[in-house]
Structure formats: C-alpha cells, structure tokens
Amino acid sequence: MFFIKFFITFIILFIFWISIIFFQSANPTKSSQWIYDVYNKKTNIANNIQKEKVVIVAGSNALFGINSKMLSDAFNKPVVNYSVNAGLLLPYILYKAKKILKKGDIVILPLEYSMYNYNGLASTQMIDYIFSRDFDAFYTLSFLEQFYMIWNVSFKRLYDGYNFSEDKKITTGLYGPHNINEFGDQLQNSLKYKSKAFTNQLDNYKAKTYGREYNEKALSWIYLKEFNSWCKENDIRCIFIPGAFMKYESYFTDEKERWFYENISKIAIKKGMEFIGEPYDYMFKKELYFNSIYHLTSKGRDKMTQQIISDFQSFSK
Amino acid sequence: MLFNTYNFIFYFLFPTIIIYKFIPNNFKLWYLIIVSVIFYIQWDLIHFFILFTSITINYIFANIIYKVSSYKRVLLWFIIFLNIALLGYFKYSGLLHFSDENIVLPLAISFFTFQQIAYLYDVYREKIILESLHRYIFFVIFFPQLIAGPIVHYNEIMKQVDDKNLFHITIDKINAGVVLFSIGLFSKVVIADNLLKENYTSWSDIFSYSFMIYFDFSAYANMAIGLALMFGIILPVNFNSPYKARNLIEFWRRWHITLGGFLKEHIYIPLGGNRYGIGKQIFALMTTMIVGGIWHGAGLNFLLWGAGHGIGLVFPVIFKTIKLHKLFSIIITFLYVSLLWVLFFSNNLDEALEIYKFLFSFNSFNIEKIDALWLLLCAVIVWFMPNSMEIINTQKKDFGLKAWYAYISAFLFFVSLKFMADSPSVSFVYFNF
C-alpha cells in the first residue's frame, strides 16, 4: 500500500507539474525577448527577398562571424544571416530555418561544434524560448525530448512564466534588433566596443572538449540528416562549413580533439552531406574575438568571411 | 557516484534493489560486496586498490592478533600505526608540502581506516570471533556507510547478517528506507545546496553555513541509514538534532555520533577520560578534540577549531553547577558552534581571522530577503520539527511508519528530483575528509 500511495502521489505531482507548465506556455519572458525580436527582424529580411538567396544558419558564431555584404558580393546573390543563438540548440535552429527557406535557396550552416554533439537534452535558452515564444516547436520534438524539456523547466523559469509582462522591445545593449544590420549581421563588434570586461571574459575561457564528448550515435546526426534530406526534397542546396572558434593548443595536441577536428567534415560527407572547409582554418587567435570564444570582432568576421569565399571558390574549381 | 544523482538513483540503486530481492539468501552477502565494489570503482579504480590492500593487510593482522598469545599489544599498535600512517600520508603530505606531487585523497579513506581500527581493537579485546575474509570485506565496504560513516562495530552489523529475520528485505524496511532516503535527498539538494555561498562575510552567511553543513550531514546520515534499510541492515543513528544541544558535550553526542564515539573510545578513554580528576579530564578532552580537528585538515585553523570545541567541552565540566535556561543554553551553544565553523570552512587562519574581524565590527548584519526566508525555514525545521530518527524509529519493529508518510516522501522525492534536474550535483562536505 505504501508504494502504491507513493507512486500515485508521484504521478499526481508530475501531472500537476505538466499542467502548470502548459498553463504558462506562450507567456513571453523578458529573457527570451531579444532572441524573439532578432528572429522577427531576420525573418522580415528573408521574406522580403523574392529572389533565390543564400541563408546562413547557425548560432551566434555566425551572427558575429559573417559579413553578409562581402558574401553577397562574392556569390552575387542576396544573403541573409539567419543565425541567432546556439543555446536554442540544433532542433530549434533547423526548425526555424525551414520556415524561411524556399526552392532554389542555398543554406550554409557554420554550426557550432556543440551542435554535432546534441543528445536530446534541452538547454535553458531552448526551454525558455520554446515555452514562451514558439510553443508549436515543442510538438516537433520526440517524446523523450519533450519529457526532458518539461522536466528541466526550472522553478525560476516557471516563476518567470507566470510573472511575465507584455512585450517590450529591446533597444539597448549588445544583443537585440537595434544591433542587427540589413543582412542580419551583428553590429558594434569592432575593437572600439570591446570593453575590458569582454577581454577578461575571453581570458577566463578554457579550451572545449568536443572531441572527447563526441558520440557517433548522437541525436544531432538524425536531425542533420533529416534536414539535409528535406533540403534535397525542396531543391535547396545545403552546405555545412566549420563555425568560428577560438584557437587553443589542445585542439592540435590532444589526440581526441585533433581527431574530431580532422574528421568532422569527413564524417558529415560520409553521411551524405556537403561539407566545405577545414575546421582548423576557422580557428582564429584570441585577438580576433570580441566577448566569447565564438564571437569574432568585425576584423575577425571579415577574415572568416574571406575564408568562406576562398573555400567556396576552391570547391567550385 | 554521489547519492544525490540520477545515475545513482536510477541506474544503480533501483536495479540493485530489484535484483537483490531475487537473490537467494546465501548469495546476498556476495552480491552486496560486488555492488559495493562497483559503487566505489565508479570514483577511482586506483583508489579501490588502496582500499582493497588496506582491507587485506588489516585482515591478515587481525588473524595474527586473534591467534597469537603474546605480543598482541605490540602487533595492535603496529597495525594501528600503519593505518594512521597511510591516512596521514594521503591527508597531510600534500598540505604539508612533504611531496611535490598532487596527492588526491582516496574517497572514504578516513572512514574505512577508522572502522578497521575499531575492528582490530575489538579483535584485540577478544570481542569478535574471527570470521571469513568475505564477511570482513562486506563489513568494511558496504556501500551505504562506506564513504562517510556511520562508523560501525563488526558485531553490530554482522549479527544482522546472521539473523535470517533481519537480513532480508521486508516491506517495512524498504518503506522506512524510502522515507529516510527521501528526507535525506530533500535535505541535501533542496536545502543544503541552496545555502551554499561563494563568500561568507556576514552574520547571515555564517548562519547559512551552519545550516548548510547541518543539512548536508544530516542528509548523508539519513540517506545512508535509509539505503542500508532497503538491504535489510539497520545502521546506528549518526545524527540527532545537534543544534538542539544545550552544551558542547550534548552537541557531540548528537553530531556525527559514531565518529564522536570512536574518538571517545580510542583517544579520550585511553587518556584517562574522567577517571583521574578534573585536570586529566581536561587534558583528555582537549587532546581528543585537537586530534579530531587535525583529522579534518592540516591547517592551524583546523587545530584551533578542534581546540575551540575542546574548550567548549571543558566549560560544562568546570562549571557544572551553573544552570542556564534551556532556550538560552541552546542559543549560546548554537552561536558558539557557528562561530567555530568559520575556522572550519576558511582556507587558512588568516582568512578566518579576517572574517572574525569583519563579523565583530558589527557592520555585517545586511541580509537579502530571500536569505532571511531560507534561514527562517531552516530554523523552523531545526528547532521546531521532529528529526528523521523521531519520524522513523529504527528501534521499533514497524519503524513507526504511518500511512501518510508515503505522500510526504513522494513529495520530497519529486521536488528533490526536480531540483537535481536544474542544478549540478554538489558533493557532501564530509566526503572531503
């Protein structure tokens, strides 16, 4: 009897938990505001282009790391930088991209390396954003991912969901639509905006261990393959390239890390995807980064864009 | 594997209990040895070899002490010295810069060392009949109490193993175990971990630490007893509302009871205890507590922490006739213990003195609303609620279980699991020793 009571109480509490999450879904939180505003601005840019276009899809490494004007001139096509935040994770970023891609478009994905290691666990940003701004995306996830999402809503996030206020557009600070140009690129990331605090932030970062964490069976490959097939079905060319990443010695010296960066493109190609460029060519020194190991300064951005152009030119030859 | 992780609860504990239920009685001991080894190996394989070597050597010496008729005492001292030397090497060589290498303290080394010393002493006193190695291994390695106690005597546990009525799962034992485990898990992940602070610079921070370590240790004690109950073993009570103590003597009868008992039995009493007048008793008390302090860490701050507790213990011995109001005594004892925690958590004496200076400048009474609420909640639980050993009475046959405990423990378990999903697991304070 004890266990039956224990079990039933547990189930009731779980149902109660699901209910209170669902009742607050679609309540806009303050923390999700900037991403929402930026996506709205970028979606408008994309939807206003009537011609076949190039769309950049990734997290914030591409938001900071792509000079769309330079790319547009090189490719002779309109370019939209549709990258916002890697914290939204692979399933949502791809889901969102599908909404603006049209027949004949080219989608370039300079994904953060963490995206190749997505294992189904939702991040704080993904939970916050989907529950407050885009609840339809929740239903596109697998049952297990939905369970993880519901279970991982923090008490604080729940409180924020009930304690919401009406949308108030972000107009100040580094992140927000006011700092996005007409292509969708980040503004104000030149050296003159790089504060001491940002430099300290960069100093405090440590080398990542994506090589050690890499799992061939990670859920990310299912999403990537599905997205690749979807693009093919819709006459969209899908090209993966390396994301911008700060250079650390261990990426060259550690066996597992080196293996990862030497092989990630080969693995993608083996899985039927088009991958252009080598990760080491997209690792830049610290001075070219702005406030995180993924965010380039405007100078670094031009360097990365030049690398993309050059890789595409070599590839087409 | 920490008790407060999903891996432990879902991948280790659940399957272990379910399989245990179907294991024939003859193999249960072996089964528990194997799962305890798996549990320990999850941390470090090398450290497991240290544990295994320690067990083997101690068992060999126990055999010799048991069988020989002369030099028993010399042999006992020799093997105790070896045990202390091993513990001392790992605990202090890095801290005292005897070695340039970064020596990692093997998990549970203090507790398996103390438990084995207690065993050897019992063998020497002929209180134990020597038994097979696998029974001895089980006594040392049984995973619920391996890491941070309670420190148990051989007969206390092995009698239960022999008693067929006790050493099998009964539904009441599992239920009581679940209640205690849920209380422990809640105390750890919901209360203790949320009282952690980066810096302790105000009076409210000091009280936060006092409550943090209280809930952290009570959590481990409850979880250990609860887990053992799920496997049919009743472990001794190790924590009994120490902040309800009216003086330091009472405090040490309630805080880490089995460690206090170990120090009393092996240091305080051999030094004379209270048998040779007040002067010798004071010496015995101070020595015992200073050794206890140094056991926690090699710094001067730990020595003074032990000495502070020694003075606190001496005080009621000298001033026996002074009777204070109960409430006043409890408050004074709590404040005294809390102030001594500063020496305990500081990295060194200088840091502790800085904090004391700051506290006694009496400018540090600022407190956030949320902190005040936490402290109030802790105070209510600590001083106005029954403790877990009053809720689950391991001396009663039915453990004092009530039907509604199922609802409460399900609630505590659910909320704890939710908190665990939101934040990374934090190790127990006593795992560092």
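Residues numbered from 1 in each chain as written. Chains lettered and ligands numbered in written order. Predicted model: local features only at pLDDT ≥ 70, side-chain atom pairs only at ≥ 80, totals over all residues. Heavy atoms only, no water.

Chemist: What's the story with the overall build of chain B in this structure? I'm lost.
Modeler: In terms of regular secondary structure, chain B is built from 19 helices and zero strands. The globule rule puts the C-alpha radius of gyration for 433 residues at 22 Å, and the 22 Å found for chain B is close to it. For chain B, the spread of C-alpha atoms along the three principal axes comes to 65 × 55 × 50 Å. Pairs at least 24 residues apart make up 74% of the contacts formed inside chain B by residues separated by at least 6 positions. For chain B, the distance from the average site of its 30 positive side-chain charges to the average site of its 24 negative ones is 12 Å. (Helix = DSSP H or I, 4+ residues; strand = E, 2+ residues; numbered from the N terminus. Rg over C-alpha atoms; globule rule 2.2 N^0.38 Å. Contact = heavy atoms within 4.5 Å. Lys, Arg positive; Asp, Glu negative; His and termini not counted. Charge placed at Lys NZ, Arg CZ, Asp CG, Glu CD.)

Chemist: Just checking my understanding: could you explain the overall build of chain A for this structure?
Modeler: When helices and strands are tallied, chain A shows 14 helices and nine strands. The C-alpha atoms of chain A give a radius of gyration of 20 Å, which matches the 20 Å a tight globule of 317 residues would have. Considering only C-alpha atoms, chain A reaches an extent of 75 × 45 × 45 Å along its principal axes. In chain A, once contacts between residues fewer than 6 apart in sequence are set aside, the share between residues at least 24 apart is 82%. For chain A, the computed accessible surface area is about 14,900 Å², with 56% contributed by carbon and sulfur atoms. (Areas by Shrake-Rupley, 256 points an atom, 1.4 Å probe, with all protein chains shown as cover.)

Chemist: When you look at the pattern of salt bridges in this model, what are you seeing that I'm missing?
Modeler: If charged atoms from side chains of opposite charge come close, those side chains can pair. All names here are of chain A. In this structure the tally under the stated criterion is 22 salt bridges over all chains. Note that Lys 271 is salt-bridged to Glu 216, the shortest N-O span being 3.1 Å. Highlighted residues: Lys 271 in the loop between helix H13 (255-270) and strand S6 (274-275) and Glu 216 in the loop between helix H10 (210-213) and helix H11 (219-233), separated in sequence by 55 residues. Residue class for Lys 271 comes out partly exposed when judged on its relative accessible area of 23%. (Salt bridge = Lys/Arg side-chain N within 4 Å of Asp/Glu carboxyl O. Buried < 20%, exposed > 50% of the residue type's maximum accessible area, 1.4 Å probe, protein only.)

Chemist: Before we go on, may I ask you to explain the sheet that holds strand S3 (residues 106-109) of chain A in this structure?
Modeler: Whenever strands of a sheet pair, they do so through backbone hydrogen bonds, lying parallel or antiparallel. All names here are of chain A. The five strands are arranged S2-S1-S3-S4-S6 in an open sheet whose pairing can be described as parallel. Where the open sheet ends on each side, the last strands, each with one partner, are strand S2 (79-81) and S6. Relative to S3, strand S1 (residues 54-56) is paired through three bridges, and the arrangement is parallel. Across the sheet, Ile 56 pairs through a bridge with Ile 108, a residue of S3. Those strands touched by helix H4 (residues 68-75) are S1, S2 and S3, and its axis lies near 155° from that of S2. Across the sheet, H11 touches S3 and strand S4 (237-240), and the angle it forms with S4 is around 145°. (Pairing = 2+ DSSP bridges. Axes fitted to C-alpha atoms, helices over the stretch in contact; angles between N-to-C directions.)

Chemist: Is there a simple way to think about the interface of chain A and chain B in this case?
Modeler: One widely used convention gives an interface's size as the accessible area the parts lose upon coming together. Listed by partner, the interface residues are 14 residues for chain A and 22 residues for chain B. Both sides of the chain A and chain B interface together cover about 1,600 Å² of buried area, and 79% of this is carbon and sulfur. It is Phe 2, Phe 6 and Trp 151 of chain A that lose the most area in chain A upon contact with chain B, and together they represent 39% of the buried surface on that side. At the junction of chain A with chain B, the criterion picks out zero salt bridges. Inspection of the region where chain A meets chain B yields three residue pairs in polar contact (both at pLDDT 80 or more). Partitioning the side of chain A that touches chain B into residue classes produces 10 nonpolar, three polar and one charged. (Buried area = accessible area lost by both parts, 1.4 Å probe. Polar contact = N/O pair within 3.5 Å; in protein donor to acceptor, adjacent residues only side chain to side chain. Nonpolar A, V, L, I, M, F, W, Y, C, P; charged D, E, K, R; others polar.)

Chemist: When you look at a nonpolar patch on the surface in this model, what are you seeing that I'm missing?
Modeler: On the surface, Ile 278, Phe 315, Ile 318, Phe 319, Ile 322, Leu 324, Phe 328 and Ile 332 of chain B cluster together to form a nonpolar patch covering roughly 760 Å² of accessible area. Ile 278 of chain B sits in the partly exposed class, given a relative accessible area of 46%. (Patch = residues over 30% accessible without salt bridge, like charges linked within 9 Å, V, L, I, M, F, W, Y side chains within 5 Å.)

Chemist: Which parts of the structure should I look at to understand the nonpolar core?
Modeler: All names here are of chain B. Among the nonpolar cores identified, the biggest contains 269 residues, and Phe 8, Tyr 243 and Trp 255 are the most heavily contacted of them. The element best represented in this core is helix H10 (residues 203-230), accounting for 20 residues. In this view, Trp 255 contacts Ile 213, Tyr 214, Phe 217, Asn 238, Phe 239, Pro 242, Tyr 243, Trp 341 and Tyr 430; residues no more than four positions away in its chain are not counted. (Core = buried A, V, L, I, M, F, W, Y, C linked by side-chain atoms within 4.5 Å.)

Chemist: Would you mind showing me how to read the environment of Lys 99 of chain A here?
Modeler: Residue and element names in this part refer to chain A. Among the secondary structure elements, Lys 99 is positioned in helix H5 (residues 89-100). Between the alpha carbons of Lys 99 and Asn 47 there is a distance of 9.8 Å; along the sequence they are 52 residues apart. Here Tyr 95 takes part through its side chain, which lies 3.1 Å from a polar atom of the side chain of Lys 99.

Chemist: Is there a simple way to explain the pairing of S4 of chain A in this structure?
Modeler: Consecutive residues of a regular strand have side chains that alternate between opposite faces of the sheet. Residues and elements named next belong to chain A. In this structure, S3 lies alongside S4, joined through four bridges in parallel fashion. Residue pairing for S4: Leu 109 is matched across the bridge by Phe 240. Pairing geometry for S4 and S6, over two bridges, is parallel. Each bridged residue has a counterpart across the sheet, and for Ile 239 the counterpart in S6 is Glu 274.

Chemist: Would you mind showing me how to read the packing of helix H1 (residues 6-22) of chain B against helix H2 (residues 25-41) of chain B here?
Modeler: Packed helices, taken two at a time, are described by their axes: the angle between them and the distance between them. Residues and elements named next belong to chain B. Contact geometry for H1 and H2: axes closest at 11 Å, N-to-C directions at 170°. Here H2 runs roughly antiparallel to H1, going by the angle between their axes. In this structure, H1 uses Phe 8, Phe 12, Pro 15, Thr 16, Ile 19 and Tyr 20 to contact H2, whose residues at the interface are Lys 28, Tyr 31, Leu 32, Val 35, Ile 38 and Phe 39. Across the contact of H1 with H2, the residue classes break down as 10 nonpolar, one polar and one charged. (Parallel < 35°, antiparallel > 145°, perpendicular 65-115°, else oblique.)

Chemist: Before we go on, may I ask you to explain the packing of H5 of chain A against H11 of chain A in this structure?
Modeler: Residues and elements named next belong to chain A. One can describe the packing of H5 onto H11 by two numbers: an axis separation of 10 Å at closest approach and a directional angle of 10°. With respect to their mutual orientation, H5 and H11 come out roughly parallel. Contact with H5, carried on its side by Leu 90, Pro 91, Leu 94, Ala 97 and Lys 98, involves Ser 220, Tyr 223, Leu 224, Glu 226, Phe 227 and Trp 230 of H11 and no other residues of that element. Here the contact of H5 with H11 is built from residues that sort into eight nonpolar, one polar and two charged.

Chemist: Teacher, can you tell me more about the side chain of Asn 85 of chain A here?
Modeler: Residue and element names in this part refer to chain A. Of note, Asn 85 is situated in the loop between S2 and H5. From its side chain, Asn 85 meets the backbone nitrogen of Gly 87 in a polar contact 2.7 Å long. Discounting residues that sit within four places of it in the chain, Asn 85 has contacts with Trp 34, Ile 35, Gly 59, Ser 60, Ile 93 and Gln 125.

Chemist: Would you take a moment to explain the packing of aromatic side chains for this structure?
Modeler: The geometry of two aromatic rings is summed up by the distance between their centres and the angle between their planes. All names here are of chain B. Following the criterion strictly, the structure yields 109 aromatic pairs over all chains and no others. Considering the side-chain rings of Trp 252 and Trp 305, the 6.3 Å spacing of their centres and the 70° angle between planes classify their relative orientation as edge-to-face. With Trp 252 in helix H11 (residues 248-254) and Trp 305 in helix H14 (residues 300-318), this pair connects stretches of sequence that are 53 residues apart. Over the ring of Tyr 20 we find Lys 28; its NZ or CZ atom is 5.1 Å from the centre of that ring. The cationic tip of Lys 280 hangs over the ring face of Tyr 276; the distance from NZ or CZ to the ring centre is 5.8 Å. (Phe/Tyr/Trp six-rings, centres within 6.5 Å; stacked < 30°, edge-to-face > 60°. Lys NZ or Arg CZ within 6 Å of the ring centre and 35° of its normal.)

Chemist: When you look at a positive patch on the surface in this model, what are you seeing that I'm missing?
Modeler: A contiguous patch of positive charge on the surface is contributed by Lys 247, Lys 285, Lys 299 and Lys 303 of chain A. Examined against the element boundaries, Lys 303 of chain A turns out to sit in helix H14 (residues 298-316).

Chemist: Just to check I follow, could you spell out the environment of Pro 150 of chain B for this structure?
Modeler: Residues and elements named next belong to chain B. Along the chain, Pro 150 falls in the loop between helix H7 (143-146) and helix H8 (154-162). In this structure the C-alpha to C-alpha distance between Pro 150 and Arg 275, which are 125 residues apart in sequence, comes to 28 Å. If we skip the residues at most four places from it in the chain, Pro 150 touches Gln 115, Gln 145, Ala 224, Leu 235, Pro 236, Asn 238 and Thr 258.

Chemist: Explain the confidence of the model for chain B here, please?
Modeler: Low pLDDT means the predicted atomic positions in that stretch should not be read closely. Residues with a pLDDT of 70 or more make up 96% of chain B, whose mean pLDDT is 87. Interface scoring of the predicted complex returns ipTM 0.79; its pTM is 0.83. (pLDDT = per-residue confidence, 0-100.)

Chemist: What is the right way to read unusual backbone geometry from this model?
Modeler: It is generally the case that most residues other than glycine have a negative phi and that most peptide bonds are trans. Residue and element names in this part refer to chain A. A positive phi angle, near 70°, is found at Leu 89, a position not held by glycine. Given the relative accessible area of 16%, Leu 89 is considered buried. Here Gln 188, not a glycine, exhibits a phi torsion of approximately 60°, which is positive. Considering the arrangement of structural elements, one finds Gln 188 in the loop between helix H8 (155-162) and helix H9 (196-204).

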